Amino acid sequence: MNVPRGITWPYALIALLAVAAVAVGVVRPQLVSAATGAKKKPGATALIKQNPPPTLFTDAEIATIGKQAAAQREKADALFAQWKKAHGTTRDDKAFAAWAAQQIPAPPSAAQRTAELRQDQRLAKARTAAGKKAATWLELYGKKDVWKLYLHDQRELIPAAQGRAEKAELKAALKMAKTISDRLAAKEKQPAPFVLDPSLRPDKHIKPGAKGPYSYPSRHAARSAAAVTFLSALSPHRAEDYRWMRDEVLYSRLYMAGHVTGDLTAGTLLGDLIGDYELAVSGR
């Protein structure tokens, strides 16, 4: 595996933030500790500084799932236009969450899911130590930390008040993506690939007859897509980097049999809708 061209800036950013975090960390924790006696939970910057990204998957490896994810963008925009026409840009998270859940297609048939499972099985046979390391990092930080780190970089260039608002908006989008995807997963009850075939992840210790955990739609995909849609609108010239990271996260979920393709495309559609919504109601 190698690092694709054109994406060196996230690593340079991480290094820069690491230096800043060390400098700030020498003083701030002492002040917080002295004032409150409590330790502050590490933020995304500190967490990734402690565990920098390994070499990730190549462009060739992530290309197919990237194209499938990108295809959800047009669908999401068309669907959201319907919501916006009926509801405008007034925030109504409860109503939107119910509506967005209804836009996600029903899970693929059992036959289609079985066919998609074969891709996970092929990938499992070809796993490498480096691939497992990359997938583990992406599973851990691809949920929200890497997206918060990207936004941190953008916030360095804008007024503080605007930065705080955008941070809150991204947090809201990520939270909604998790909430809706979790509700749908509980409703649809589609077993994760490693439940359908426990040999894919023997470390999970799945009990015979287990039905969960469920994986449709993918929470990682929903969060990644929501973040990419939101961040790309704030900084369009970096959109390619955000999409690259999204595709890395999605591929990692196939690689370690957390999801099949249908889980990921459904999650991406949901996340794109949420990103569109957050941009609209926040006036971005």
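Residues numbered from 1 in each chain as written. Predicted model: local features only at pLDDT ≥ 70, side-chain atom pairs only at ≥ 80, totals over all residues. Heavy atoms only, no water.

Draft legend 1. Seen up close, the overall build of the protein. A count of helices and strands for the protein gives 13 helices and zero strands. Counting from the amino terminus, helix and strand elements in the protein follow one another as α-α-α-α-α-α-α-α-α-α-α-α-α. In the protein, which comprises 284 residues, the share counted as buried stands at 48%. Just so you have it, the protein exposes about 14300 Å², and 56% of that area is on carbon and sulfur atoms. (Helix = DSSP H or I, 4+ residues; strand = E, 2+ residues; numbered from the N terminus. Buried < 20%, exposed > 50% of the residue type's maximum accessible area, 1.4 Å probe, protein only. Areas by Shrake-Rupley, 256 points an atom, 1.4 Å probe, with all protein chains shown as cover.)

Draft legend 2. Geometry of helix α7 (residues 129-141). Here α7 contains 13 residues, and its C-alpha end-to-end distance of 19 Å stays within 8% of the 18 Å for a straight helix at 1.5 Å per residue. Among the residues making up α7, those that are buried are Gly131, Ala134, Ala135, Trp137, Leu138 and Tyr141. All buried residues of α7 fall inside an arc of 160 degrees around its axis, so they share one side. What points out from α7, more than 90 degrees from its buried face, is the exposed set Ala129 and Lys133. (Expected span 1.5 Å × (residues − 1). Arc of directions from axis to C-beta.)

Draft legend 3. Representation of a positive patch on the surface. Together, Lys40, Lys41, Lys144, Lys148, Lys167, Lys171 and Lys175 make up a region of like positive charge exposed at the surface. Counting residues per element, the positive patch draws most heavily on helix α9 (residues 160-188), which supplies three residues. Tracing the chain through its elements places Lys167 in helix α9. Residue class for Lys167 comes out partly exposed when judged on its relative accessible area of 48%. (Patch = residues over 30% accessible without salt bridge, like charges linked within 9 Å, V, L, I, M, F, W, Y side chains within 5 Å. Salt bridge = Lys/Arg side-chain N within 4 Å of Asp/Glu carboxyl O. Lys, Arg positive; Asp, Glu negative; His and termini not counted. Charge placed at Lys NZ, Arg CZ, Asp CG, Glu CD.)

Draft legend 4. Geometry of unusual backbone geometry. For the bond running from Gly212 to Pro213, omega is 5 degrees, close enough to zero to count as cis. Topologically, Pro213 is positioned in the loop between α10 (193-196) and α11 (219-234). Across the junction of Tyr216 and Pro217, the peptide omega takes the value -5 degrees, indicating a cis bond. Inspection of the secondary structure assignment puts Pro217 in the loop between α10 and α11. A positive phi angle, near 55 degrees, is found at His205, a position not held by glycine.

Draft legend 5. Representation of the packing of helix α8 (residues 145-155) against helix α12 (residues 239-255) within the structure. Contact pair α8 / α12: the axes reach a minimum separation of 11 Å and the direction vectors enclose 170 degrees. On the basis of their axis angle, the class for α8 and α12 is roughly antiparallel. Along the contact surface, α8 presents Val146, Trp147, Tyr150 and Gln154, while α12 presents Asp241, Tyr242, Trp244, Met245 and Arg246. When the residues that make up the contact of α8 with α12 are grouped by side-chain class, the tally is six nonpolar, one polar and two charged. (Axes fitted to C-alpha atoms, helices over the stretch in contact; angles between N-to-C directions. Parallel < 35°, antiparallel > 145°, perpendicular 65-115°, else oblique. Contact = heavy atoms within 4.5 Å. Nonpolar A, V, L, I, M, F, W, Y, C, P; charged D, E, K, R; others polar.)

Draft legend 6. Inspection of the pattern of salt bridges at higher detail. Summed over all chains, the structure comprises 14 salt bridges. With a closest N to O distance of 3.0 Å, Arg91 and Asp93 form a salt bridge. In this structure, Asp263 and Arg113 form a salt bridge, with 2.9 Å as the shortest nitrogen-oxygen distance. In this pair, Asp263 sits in helix α13 (residues 261-281) while Arg113 sits in helix α6 (residues 110-125), placing the two residues 150 residues apart along the sequence. When sorted by exposure, Asp263 lands in the same class as Arg113, which is buried. One salt-bridge network, in which partners are shared between bridges, spans Arg73, Asp77, Asp272 and Asp276.

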